[in-house]
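# A look at the structure
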Amino acid sequence: MTQQDVACYSLDQFDGMRAAGRLAAATLDYITPFVKPGVTTGQLDKLLEEYMRDHGAVPGTLNYHGYPKASCISANHIVCHGIPGDKILYSGDIINIDITPILDGWYGDTSRMYYVGTPSVKAKRVCEAAYFSMMAGIEKALIGNTVGDIGRAIETVAHNERFSVVEDFCGHGVGKSFHMLPNILNYGKPGEGMMLKEGMIFTVEPMVNTGGPEVQILSDGWTAITKDRSLSAQFEHTIGITPNGPEIFTLSPKGYTFPPYPEDA
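Here goes a summary of the coordinates provided.

About the criteria used
- Residues numbered from 1 in each chain as written.
- Predicted model: local features only at pLDDT ≥ 70, side-chain atom pairs only at ≥ 80, totals over all residues.
- Heavy atoms only, no water.
- Pairing = 2+ DSSP bridges.
- Helix = DSSP H or I, 4+ residues; strand = E, 2+ residues; numbered from the N terminus.
- Contact = heavy atoms within 4.5 Å.
- Axes fitted to C-alpha atoms, helices over the stretch in contact; angles between N-to-C directions.
- Buried < 20%, exposed > 50% of the residue type's maximum accessible area, 1.4 Å probe, protein only.
- Parallel < 35°, antiparallel > 145°, perpendicular 65-115°, else oblique.
- Left-handed = near helix turned anticlockwise from the far one by under 90°.
- Nonpolar A, V, L, I, M, F, W, Y, C, P; charged D, E, K, R; others polar.
- Phe/Tyr/Trp six-rings, centres within 6.5 Å; stacked < 30°, edge-to-face > 60°.
- Lys NZ or Arg CZ within 6 Å of the ring centre and 35° of its normal.
- Polar contact = N/O pair within 3.5 Å; in protein donor to acceptor, adjacent residues only side chain to side chain.
- Salt bridge = Lys/Arg side-chain N within 4 Å of Asp/Glu carboxyl O.

### Comments concerning the sheet that holds strand β5 (residues 101-103)
- Reading across from one edge, β1-β5-β6 is the order of the 3 strands in this open sheet, with antiparallel pairing throughout. The strands lining the two open edges of the sheet, one partner per strand, are β1 (58-59) and β6 (106-107).
- Bridging between β1 and β5 involves 2 bridges; their strand directions are antiparallel. Opposite P59, over in β5, you have P101 as the bridge partner.
- The strands that helix α1 (residues 14-31) touches are β5 and β6; relative to β5, the one it contacts most, it runs at about 145 degrees.

Here it is in structure tokens:
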């Protein structure tokens, strides 16, 4: 990977990503009251798709390399890419909902954790660790810093909570395409890796496990679970690099950060 391989957008072009990111975050706000015991992940997926389409977007995940649904919904020990279907949610579950509406050609990529009923203390802790590790990484997304600075900040927060970070998946460049360079690893060494430049757009999306970092892909070719079946949590924001620091495109319009959110408190 070289610096020349990475797209850098003009700040004027950020308007397209702002709109896509705002819709992505609004979609996750919208689904919040529907996340409750007894609902299926397939029912949530249908609501998410309807909301995105009703607001002029199409789901970026649908038919992406054969992926069959409009969202990824990953519960408990599922790390990422959980395929929505007949799974019923029960009180105590934690789930990640990951969506990417395409609005006017821009991909607004974001994910958020949700509580179903009342989860365990450990489940709450890993959700908070995933959120704060993401935000620590974003704080290091400054012109002149490196991707290693971001990764180091992420893993430091997780490790301080005695949790691990998944190394098999990472953040990525995004914009007019779904997945591009640079890769944003969730671990690293300060000062190492690609230097951040004005106009870069990418996701920061740590996956934090209560057990070990190893994952296993199920036979469907998509669903990734923790190898030791420990709990996993993930948050994801899409950000842009500006002279004034990182701009988060996917902030919740309702001010939601991590659960419990007001409507499911």
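The discussion continues.
### With respect to the environment of S232
- By the element assignment, S232 lies in strand β15 (residues 232-234).
- A relative accessible area of 3% places S232 in the buried class.
- A sequence separation of 152 residues divides S232 from C80, and the C-alpha atoms of the two residues are 8.8 Å apart.

### So, the environment of D29
- Take D29: it is sitting in helix α1.
- Through-space distance from the C-alpha of D29 to that of H159 is 29 Å; in sequence the pair is 130 residues apart.

### As for the pairing of strand β7 (residues 110-115)
- Among the 6 residues of β7, 6 are classified as buried, and the element is accordingly described as predominantly covered.
- Burial along β7 is two-sided: the residues T110, R112 and Y114 and S111, M113 and Y115 are all buried.
- As paired elements, strand β4 (residues 94-99) and β7 share 6 bridges and run antiparallel to each other. Within β7, the position partnered with I97 by the bridge is R112.

### Quick word on the packing of α1 against helix α2 (residues 41-54)
- It is the contact of α1 with α2, at a shortest axis distance of 10 Å, that shows an interaxial angle of 140 degrees. As summarised for this structure, α1 and α2 are arranged oblique, according to the angle between their axes. Crossing handedness for the pair α1 and α2: right-handed. Along the contact surface, α1 presents L23, A26, T27, Y30 and I31, while α2 presents L44, L47, L48, Y51 and M52.
- Per-class residue counts for the contact of α1 with α2 are 9 nonpolar, 1 polar and no charged.

### Re the packing of aromatic side chains
- One pass over the full model with this rule turns up 13 aromatic pairs.
- Taking 4.7 Å as the distance between ring centres and 55 degrees as the angle between the ring planes, the aromatic pair formed by Y64 and F178 counts as tilted. With a gap of 114 residues between them, Y64 in the loop between β1 and β2 (72-75) and F178 in the loop between β9 (171-173) and β10 (180-184) connect regions that are remote in the sequence.
- Here the aromatic residues Y131, F132, F235 and F258 are joined through ring pairs into a cluster of three or more.
- The ring of Y261 carries the charged tip of R112 above its face, separated from the ring centre by 5.9 Å.

### Concerning the side chain of T203
- Relative to the elements of secondary structure, T203 occurs in strand β11 (residues 201-204).
- Side-chain polar atoms of T203 contact the side chain of E205, separated by 2.8 Å.
- Each residue touching T203, except ones within four places of it in the same chain, is listed here: D109, G171, H172, V174, I184, E236, H237 and T238.

### Considerations on the pattern of salt bridges
- Counted by the stated rule, this structure contains 6 salt bridges.
- Linking D15 and R18 is a salt bridge whose minimum nitrogen-to-oxygen distance equals 2.6 Å. A residue pair is termed a helical-turn pair when its members lie 3 or 4 positions apart in one helix, as D15 and R18 do in helix α1 at 3 residues.
- Given the relative accessible area of 48%, D15 is considered partly exposed.

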